[in-house]
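Listed below, chain by chain, are the residues.
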Number of protein chains: 2
Amino acid sequence: MRLHWLLAGLMSAALWTAPPAVRAQTPPSAATPAATEIVEKRSFELAGHTLRNGTTLPTLRIGYQTAGTLNAAGDNAVLVAHFFSGNSHAFGRYAADQPPGYWDAIVGPGRAIDTNRYFVVSSDTLVNLNVRDGRTVTTGPVSMNPATGRHWGTDFPVVSMRDFIEVQKKLLDSLGVRRLALVTGPSMGALQAIEWAAAYPEMIDRVMPVIGGGEIDPWMLNWLDIWEAPIRLDPNWRGGDYYAQGREPPVAGLAAALKIVTVHAQDRPALARFGRAIPDGQDPARRLADRFEAERAIDEAAMARARMSDANHFLYLTRANQLFLNEYPSTEAALARSRARWLVVASPTDRVFLMEANRDLLATLQRVGRPAELAEVTGPLGHLNGVVGMAPLAERIRAFLAAN
Amino acid sequence: MRLHWLLAGLMSAALWTAPPAVRAQTPPSAATPAATEIVEKRSFELAGHTLRNGTTLPTLRIGYQTAGTLNAAGDNAVLVAHFFSGNSHAFGRYAADQPPGYWDAIVGPGRAIDTNRYFVVSSDTLVNLNVRDGRTVTTGPVSMNPATGRHWGTDFPVVSMRDFIEVQKKLLDSLGVRRLALVTGPSMGALQAIEWAAAYPEMIDRVMPVIGGGEIDPWMLNWLDIWEAPIRLDPNWRGGDYYAQGREPPVAGLAAALKIVTVHAQDRPALARFGRAIPDGQDPARRLADRFEAERAIDEAAMARARMSDANHFLYLTRANQLFLNEYPSTEAALARSRARWLVVASPTDRVFLMEANRDLLATLQRVGRPAELAEVTGPLGHLNGVVGMAPLAERIRAFLAAN
């Protein structure tokens, strides 16, 4: 029970805490300081970037952070891609009194992904959910369209998972990275790692998809659609046109969407502490509008989260997930391009990316002749074991990085 | 692949087909005709029924059907309770050219639950979802409130799972049933079977909960809330007050809710046939509003289903599920009351009532000293294996019924 509380607390730190509104905007540079637990949030800009669907974005900005030092050959880099509701804060602290990144247990000086040895990069995606948290730097529907001087809204072009990779590639180029010793990430980060392996096979030594899967199949396509459905039903959404002064954003729909993600990403034990308690003054057995404490608590957390986020960004982000590997005829065709070694990490109690889906990914990798192994990340948190419960995998990751 | 199609077809028959608008309303009678595959839908009425929360319903009607003949001792009865989106049509056909009930493979003359031997009863619940299908007989928010001459709407009292049992008990009393050789049902039917075992332990010989679980824990409380959230967000819901002439019912929200149930109740292989196909004229990589065929197909099925249903009934039904075993301090305290033998049937790929939850149920039964075994129902349909894939369990059920 103590462990549940601890992990739930860590999860809260990773998922629910909005960092203070301090945004560092130093220019990008390959000469980052030696590894330390304090990291700096930076911003990377592109002008005239053409997306995979042919649309050109006049300007584009994403945030990123690094740790460790790139070597002269530019081949000791590691890229960590973030999960659906995450951002670049995978490791380090922005200040001594602030919480660490979600994978800080496995990324840092002397840790499994050792920043004394590797130059580790993590960036915010396009259309990032945390657009209003004051630290995330992203470009999406909330951003200003320079052509109109107004928020893009749903005029923003559709972006795919592959687009995330293309922007990261240009970021890595700007930092002088020539090879990735490892590309990894949890959940949507795993999908990005797989897209990387297919898009730039010649520059990747190792791939570690964590709590992901090799396919967004019809069941997952529909789950992503279920996640976003509450937003489209909220009358304040107005087809995405809610940025004008005096209009309320669809925060109720967005909170309902974030609630689905929150519950789906956990497992039964993670919520057990609520029991079947009923808040004071509530009586669900007599009044339809009354609620159990378990519902109220998750609603409250989801609403707090919704206020840091944006409904249109949620819709664009689910679409980017639906478009995973959309340029390949099949997962097998995509994976056949890889030249890397693979470590697939899966949570047996994952309710989003099922264990079976991870076994399918492993089987496909083996079928196309890639060296690939499967490791399990366990704990009471279901899917989120792969976000906040990775510490026990440290030795396995270390061995994976040492193997050639 | 052929098997997937076949089971998907059966599932469609069980879940999506609205029977023709013919409602049989012959009076109840214990002297049903000898077992035959043709069954008749009947109606059972109560006046002045007091619910468990103390509210009295002035009138109440539910539909039911029977097969087989009750013996003189009244102790050869079997009660089959239906799933969330089901009704009494568990077995038999209403006419030779109409589809069979969802458990027809295991209920009928010579089958595992042998209607040559047992008197089998199945009834519609209160607040049933299929209130507009023309065959379901139920009482809920859509019903007329005799005190006002208008639809009850959200003035209808909250009902619990235990209330379903109390109405069924009065139905069984009216039919002359004194003992249940077996109480069973899939999913919400399993919850009803467990409520029965705790409420009337002295009259039950055997309990077979199928694809259920012994607890609506905080994770499930939230999932049920997620199921219904789209209804509350639909502006046409209006707090439940949408029955007046000229008002549109919240069919979009209800369809979104039914879509969640549909996808949740299946597993990846059940939808695999859609692949990542894109309907003609749609382009999800370029237009945010465009969709994949897998989404379109499930949306269409859910919308067809929504037109036969009612949004307020959905809200009341989820609440009844949340109130499962709400009169007991714990599942263990409820199960300790049982005097029956138990066969717990679970689907290893169930994404609603997890296999782990069924193992917990088995462990609790064994802890309180009940003879209990676990059987698996397998297939490509996840949760729905227990609705339309029960045929392979026939011998196991037969043996369970033969044991004393």
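Given the structure is predicted, the values throughout are model-derived calculations rather than measurements.

**Examining the UniProt feature "domain: AB hydrolase-1" (unreviewed entry) in chain A**
Here is step 1: UniProt marks residues 150–361 of chain A with the feature "domain: AB hydrolase-1" (unreviewed entry), using the numbering shown here.
Here is step 2: Secondary structure across residues 150–361 of chain A divides into 47% helix and 9% strand, with the first and last C-alpha atoms of the span separated by 43 Å.

**Details of the relation of the copies chain A and chain B**
Here is step 1: For the match of chain A to chain B, the screw axis carries a shift of 0.0 Å, the RMSD comes to 0.0 Å, and the turn is 180 degrees. On the angle and the small slide along the axis, the relation comes out as a two-fold axis.

**Considerations on the pattern of salt bridges**
Here is step 1: Enumeration according to the criterion identifies 56 salt bridges over all chains in this entry.
Here is step 2: Close ionic contact of D310 of chain A with R132 of chain A constitutes a salt bridge, the shortest N to O distance being 3.7 Å. Of this pair, D310 of chain A sits in the loop between α7 (293–307) and α8 (311–322) while R132 of chain A sits in the loop between β6 (119–123) and β7 (144–145), and the two are 178 residues apart along the sequence.
Here is step 3: Its relative accessible area of 2% is what places D310 of chain A among the buried residues.
Here is step 4: A single salt-bridge network, built from bridges that share partners, covers D225, E228 and R232 of chain A together with K259, R291, E295 and D299 of chain B.

**A short note on helix α7 (residues 293–306) of chain B**
Here is step 1: For α7 of chain B, which comprises 14 residues, the first-to-last C-alpha distance of 20 Å matches the rise-based estimate of 20 Å (1.5 Å per residue) to within 8%.
Here is step 2: Three or more residues of α7 of chain B are buried, namely E293, A294, E295, A297, I298, A302, R305 and A306 of chain B.

**Here's the deal with the sheet that holds strand β11 (residues 341–346) of chain B**
Residues and elements named next belong to chain B.
Here is step 1: Pairing is mixed across the open sheet formed by eight strands, whose spatial order is β1-β2-β6-β3-β9-β10-β11-β12. On the outer flanks of this sheet lie β1 (42–50) and β12 (372–376), each paired with one strand and no other. In this sheet, neighbouring strand axes are inclined to one another by 20 degrees on average, regardless of whether the strands run parallel or antiparallel.
Here is step 2: In this sheet, β12 lies alongside β11 in parallel orientation, the contact comprising five bridges. When the bridges of β12 are listed, A346 appears paired with E376.
Here is step 3: Of the strands in this sheet, β1, β2 (56–67), β3 (77–80), β6 (119–123) and β9 (180–186) touch helix α2 (residues 161–175), which is tilted by about 120 degrees from β1.

**A look at the environment of T378 of chain A**
Residues and elements named next belong to chain A.
Here is step 1: Mapped onto the fold, T378 is located in the loop between β12 (372–376) and α11 (385–388).
Here is step 2: A residue is classified by how much of its surface remains accessible, and T378, at 53% relative accessible area, is exposed.
Here is step 3: Note: C-alpha distance between T378 and A147 (231 residues apart in sequence) is 49 Å.
Here is step 4: Beyond its immediate chain neighbours, meaning those up to four positions away, T378 contacts P348 and N385.

**Observations regarding the packing of helix α5 (residues 251–264) of chain B against α7 of chain B**
Residues and elements named next belong to chain B.
Here is step 1: Contact geometry for α5 and α7: axes closest at 8 Å, N-to-C directions at 120 degrees. Seen along the crossing, α5 lies across α7 with a hand that is right-handed. Along the contact surface, α5 presents V251, A252, L254, A255, L258, K259, T262 and V263, while α7 presents E295, I298, D299, A302, M303, R305 and A306.
Here is step 2: Among the residues making up the contact of α5 with α7, the classes are represented as 10 nonpolar, one polar and four charged.

**A few points about unusual backbone geometry**
Residues and elements named next belong to chain B.
Here is step 1: Within the chain, V127 stands out as a residue other than glycine whose phi angle is a positive 45 degrees.
Here is step 2: Within the element layout of this structure, V127 appears in the loop between β6 and β7 (144–145).
Here is step 3: Given a relative accessible area of 0%, V127 falls into the buried group.
Here is step 4: Positive phi outside glycine occurs at I211, with the angle close to 45 degrees.
Here is step 5: When you line up the elements, I211 lands in the loop between β10 (206–210) and α4 (218–233).
Here is step 6: You can call I211 buried: its relative accessible area is 0%.

**As for the interface of chain A and chain B**
Here is step 1: Facing the 57 residues of chain A at the interface are 57 residues of chain B.
Here is step 2: In total, chain A and chain B occlude about 5100 Å² of area from one another, counting both sides; carbon and sulfur atoms represent 61% of this.
Here is step 3: Looking at the side of chain A facing chain B, the largest losses of area belong to W219, R268 and L288 of chain A, adding up to 17% of the total buried there.
Here is step 4: At the boundary of chain A with chain B, the tally comes to eight salt bridges.
Here is step 5: Viewed at the interface, chain B and chain A are joined by 34 residue pairs in polar contact (both at pLDDT 80 or more).
Here is step 6: Going through the elements one at a time, α4 (218–233), α5 (251–264), α6 (268–271), α7, α8 and α10 (355–367) of chain A are the ones with two or more residues in the side of chain A that touches chain B.

**A look at the UniProt feature "active site" (unreviewed entry) in chain A**
Residue and element names in this part refer to chain A.
Here is step 1: When the UniProt feature table is mapped onto this chain numbering, "active site" (unreviewed entry) sits at D350.
Here is step 2: With respect to the helices, strands and loops of the structure, D350 is situated in the loop between β11 (341–346) and α10.
Here is step 3: For D350, a relative accessible area of 1% gives the class buried.
Here is step 4: Excluding anything up to four places from it in sequence, D350 contacts I211, G382 and H383.

Thresholds applied
Residues numbered from 1 in each chain as written. Chains lettered and ligands numbered in written order. Predicted model: local features only at pLDDT ≥ 70, side-chain atom pairs only at ≥ 80, totals over all residues. Heavy atoms only, no water. UniProt positions renumbered as here; feature names shortened; annotations may be inferred. Helix = DSSP H or I, 4+ residues; strand = E, 2+ residues; numbered from the N terminus. Least-squares fit on C-alpha atoms with pLDDT ≥ 70 in both. Salt bridge = Lys/Arg side-chain N within 4 Å of Asp/Glu carboxyl O. Buried < 20%, exposed > 50% of the residue type's maximum accessible area, 1.4 Å probe, protein only. Expected span 1.5 Å × (residues − 1). Pairing = 2+ DSSP bridges. Axes fitted to C-alpha atoms, helices over the stretch in contact; angles between N-to-C directions. Contact = heavy atoms within 4.5 Å. Left-handed = near helix turned anticlockwise from the far one by under 90°. Nonpolar A, V, L, I, M, F, W, Y, C, P; charged D, E, K, R; others polar. Buried area = accessible area lost by both parts, 1.4 Å probe. Polar contact = N/O pair within 3.5 Å; in protein donor to acceptor, adjacent residues only side chain to side chain.

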